[in-house]
Amino acid sequence: MFAKEVYVSRRAALLAKMRDAGESGLILFVGNAEAPAQFKDNCYKWRQDSSWLYYWGLDEPLMAAVMSIDSGEEILFADDVEIDDIIWMGPQPSVESKAASVGVGRHRPYGELAGWLGERVKGRPVHFLPPSRYYNTFKLQQLVPGGKPSEALIKAVVSMRLVKEPIEIKAIDDACDLGVAMHSMARNSITIGIVEQDIVGKMEGLALAKGWGVSFPTILTQHGETLHNHGHDAVIEPGKLMVIDAGVESNEHYASDFTRTYPTSGQFTQKQREIYQIVYECNELAFSLTKPGITYREVHLATARKMLDGLSALGIVKGDLDEMVAAGIAGLFQPHGLGHNMGLDTHDMEDLGENLVGYDPDQTRSKQLGLGSLRMARRLLPGHVITDEPGIYFIPALIEKFKKEGLGGNFVNYAKLESYYDFGGIRLEDDVLVTADGARRLGHSRLPIAPDDVEAAMKR
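Here's a quick rundown of the structure. Throughout, a residue's number is its position along its own chain's written sequence, starting from 1. Only residues with pLDDT of at least 70 get local features here, since the model is predicted, and only at 80 or more are side-chain atom pairs given and counted; chain-wide, interface and lining totals rely on the full set of residues. To get the side-chain values, all heavy atoms of the structure are used, and hydrogens and water are removed first.

Moving on: the environment of Q267. In this fold, Q267 is placed in the loop between β12 (258-263) and α10 (270-289). With 187 residues separating them in the primary sequence, Q267 and V454 have C-alpha atoms 8.5 Å apart. Secondary structure counts use DSSP, requiring at least four H or I residues in a row for a helix and at least two E residues in a row for a strand, with both numbered from the N terminus.

Next comes the structure, spelled out in structure tokens:
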């Protein structure tokens, strides 16, 4: 948790944005509750709602808060513990002290929230964010019958959380340092004959020892052509490519998200190195283009062109590069976007609406494979934190679909592609901060990424 003044300032800025937008009424925040797994008292690991953490900082279940746009009044709704709670949990700080720690002067019992709202709404707007959990969905239906998430509030929150404050950047740098340590452990653990789960266990153990845990389910696979492969039961074989896409969530709940691809035998084959080099150059190009004023859509398209240029040199595609980009041919090899926002969530704020978060009002989302999955297309501003994650994947079912439906036109050399059906995939991902005059990679060291450096690191 940050200093009290951070949360006071954020809430004041939020009220100012809502007033500037001509809004009135109340803003309602509902924090997360515990989520039972097998039975009521055996719950999934606790995680607070990220927007609640951003504005209120209190990392505990069953809390809510109301802010008046008109008067600026703030009230925290939460319960003090009773003797049964103390038996199981021990003495706990009072709600009054918790409220004071984040600069809130008034508090009431959690059970009074519905009655308090019912007495004061009477036609006044109640602004709330889209819920991402079932409890919050049902709670909001109870509190605001027939109400809908407020687009004005979503836009105000997005505008604030998109641009990271210095204390957030430090927290993300720290999370990235943990991510580098976890990935380094994974790379150094790659051994022919062991089960993938052995490596995942070490990675997630480090994440729990040094932070809150992993920031998303770990992807570690020798079948990188499956973008989100969460199975870890395969034995590591020689001559394969292993994609490791994983991140750490720090104790402050900020995320890291890195991807590296390793030759399981320690050295790339010629074919692997050729494709790897293309992805590496795309990653470097994207970083070099990242700066204030450019849209990340433009960066995505530039890397798509670079990718197709490299594949053309190998005889996999042919034709005019600009025509191939316009036709969406890159989506056959990279059916995802170049990157996404990152912060308190790995895919930051996508619970608030992916288009509202990742697209400017004058941008329209593409329907093309690949480009249509671009989660962050906005014009870049200093303080944006984004991922740079190009990839090339040879997905036999997708290639066959393109071939059957004639989607590749005369651009794709399907005969050449047949020799890549057992190749797998390659993805290379860094976390990037947009600065006043360009960009920098987050974390205090960078995982080896150039092919020679990767091979050298695997020899240690």
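Core analysis: the biggest nonpolar cluster contains 58 residues, and I275, L311, I316, F333, I392, F394 and L417 have the highest contact counts within it. Looking at which element gives the most residues to this core, the answer is α10, with six residues. Dropping the residues within four chain positions of it, F333 is found in contact with M307, L311, I316, V317, G391, I392, Y393, F394 and L417. For this analysis, a nonpolar core means a set of buried residues of the types Ala, Val, Leu, Ile, Met, Phe, Trp, Tyr and Cys, connected via side-chain atoms within 4.5 Å. Under the scheme applied here, a residue whose accessible area is under 20% of the maximum for its type counts as buried, over 50% as exposed, and between as partly exposed, the area being computed with a 1.4 Å probe on protein chains only. Counting residues in hydrophobic clusters, the runner-up holds 48 residues, among them Y7, L14, F29 and V385. Note on contacts: a residue pair is in contact if any heavy atoms of the two residues lie within 4.5 Å.

Moving on, we come to the sheet that holds strand β16 (residues 430-434). If you walk across this open sheet you meet the three strands as β13-β16-β17, and the pairing is antiparallel. Looking along the sheet, the strands with just one partner apiece sit at the ends: β13 (385-388) and β17 (439-441). Sheet twist, expressed as the mean angle between neighbouring strand axes with direction ignored, is 35 degrees. The rule for pairing is simple: two strands pair if DSSP sees at least two bridges between them. With three bridges connecting them, β16 and β17 associate as antiparallel partners. Across the sheet, the residue bridging to V432 is R441, located in β17. The axes are straight lines fitted to the C-alpha atoms, using for helices just the contacting stretch, and the angles between their N-to-C directions are given from 0 to 180°. In the packing of α10 onto the sheet, the strands contacted are β13, β16 and β17, and the crossing angle to β17 comes to about 135 degrees.

Attention now goes to the packing of aromatic side chains. Where two aromatic rings form a pair, the distance of their centres and the angle of their planes describe that pair. Between 30 and 60 degrees the pair is tilted, below 30 it is stacked and above 60 it is edge-to-face, where a pair is any two Phe, Tyr or Trp rings, Trp via its six-membered ring, whose centres lie within 6.5 Å. What the rule picks out here adds up to 12 aromatic pairs. Summarising the aromatic geometry, the rings of F29 and W56 are spaced 5.9 Å apart at their centres and angled 70 degrees between planes, so their arrangement reads as edge-to-face. Of this pair, F29 sits in strand β1 (residues 26-30) while W56 sits in helix α2 (residues 50-56), and the two are 27 residues apart along the sequence. W56 sits in the buried class, given a relative accessible area of 0%. Ring plane angle 50 degrees and centroid distance 5.9 Å describe the contact between Y420 and F423, whose orientation is recorded as tilted. Take Y420 and F423: they sit in the same class, and that class is buried.

This part takes up the side chain of R260. Mapped onto the fold, R260 is located in strand β12. Residue classification places R260 among the buried positions, given a relative accessible area of 1%. Whenever a nitrogen or oxygen atom comes within 3.5 Å of another N or O atom, the pair is scored as a polar contact, on the condition that within protein one atom can donate a hydrogen and the other can accept it, and that pairs from neighbouring residues in sequence are kept only if both atoms are in side chains. One polar contact links the side chain of R260 to the main-chain carbonyl oxygen of E429, over a distance of 2.9 Å. Other than its neighbours up to four places away in sequence, R260 contacts H183, M242, V243, I244, R427, L428, E429, D430, R446, L447, P448 and I449.

Before going further, it helps to examine unusual backbone geometry. At L62, a residue that is not glycine, the phi angle is positive and equals roughly 55 degrees. Positioned with a positive phi, K122 is a non-glycine residue whose angle comes to about 40 degrees. Along the chain, K122 turns up in the loop between α5 (113-120) and β7 (126-127). Exposure remark for K122: the relative accessible area of 71% places this residue in the exposed category.

So, about the pairing of strand β2 (residues 36-39). In the sheet, β2 pairs with strand β3 (residues 42-43) via two bridges, with the strands oriented antiparallel. Looking at the pairing, F39 lines up with N42 of β3. Linking β2 to β3, which pair antiparallel, is a turn of two residues.

The sheet built from three strands is open, its strands ordered β9-β10-β12 with antiparallel pairing. The strands lining the two open edges of the sheet, one partner per strand, are β9 (219-221) and β12. Looking at each pair of strands side by side, their axes are set apart by 10 degrees on average, direction ignored. Pairing of strand β10 (residues 241-246) with β12, which is carried by six bridges, proceeds in the antiparallel orientation. When the sheet's bridge partners are listed, V243 is paired in β12 with T261. Relative to β12, helix α8 (residues 166-189) is tilted by about 15 degrees, and along the sheet it contacts β10 and β12.

Attention now moves to the pairing of β13. Residues V385 and T387 line one face of β13 and the alternating positions I386 and D388 line the opposite face, and both faces are buried. Where β13 and β16 come together, four bridges link them in antiparallel fashion. Within the sheet, the bridge partner assigned to I386 lies in β16 and is V432.

A few words on the packing of α10 against helix α11 (residues 296-313). Helix-helix packing: each pair is described by the crossing angle between the helix axes and the interaxial distance. Between α10 and α11, the shortest axis-to-axis distance is 9 Å and the interhelical angle comes to 155 degrees. Taken together, the axes of α10 and α11 lie roughly antiparallel to each other. In terms of crossing hand, the pair formed by α10 and α11 is right-handed. Of α11, the residues touching α10 (which contributes I275, I278, E281, C282, L285, A286 and L289) are V299, A302, T303, K306, M307, G310 and L311. Taken together, the residues of the contact of α10 with α11 sort by class into 10 nonpolar, two polar and two charged. Oblique is the label for every angle not falling under 35 degrees (roughly parallel), over 145 degrees (roughly antiparallel), or within 65 to 115 degrees (roughly perpendicular). Crossings are classed by handedness, with left-handed meaning an anticlockwise turn of the near helix from the far one by less than a right angle and right-handed meaning a clockwise turn. Each residue gets one label: Ala, Val, Leu, Ile, Met, Phe, Trp, Tyr, Cys and Pro are nonpolar, Asp, Glu, Lys and Arg are charged, and the others, such as Gly, are polar.

To count toward a patch, a residue needs a relative accessible area over 30% and no salt bridge; like charges are then connected within 9 Å, while nonpolar side chains (Val, Leu, Ile, Met, Phe, Trp, Tyr) are connected within 5 Å. Residue exposure ignores everything except the shown protein chains as possible cover, and the areas themselves are Shrake-Rupley values with a 1.4 Å probe. For this analysis, a salt bridge means a side-chain nitrogen from Lys or Arg found within 4 Å of a carboxyl oxygen belonging to Asp or Glu. Taken together, the side chains of I83, I86, I87, W88 and M89 make up a nonpolar region of the molecular surface, amounting to roughly 620 Å² of accessible area. Assignment of secondary structure puts I86 in helix α3 (residues 83-89).

So, about the pattern of salt bridges. Inspection of every chain in the model, using the stated rule, returns 32 salt bridges. One salt bridge connects R10 with E165, and the closest N-O pair in it is separated by 2.5 Å. Here the residue R10 occupies a position in helix α1 (residues 4-20), and E165 occupies one in the loop between α7 (151-162) and α8, the gap between them amounting to 155 residues. In this structure, D70 engages R124 in a salt bridge whose closest nitrogen and oxygen atoms are separated by 3.4 Å. One end of the pair, D70, is in the loop between β4 (64-68) and β5 (74-77); the other, R124, is in the loop between α5 and β7, with 54 residues separating them in the sequence. The exposure class of R124 is partly exposed, given its relative accessible area of 31%.

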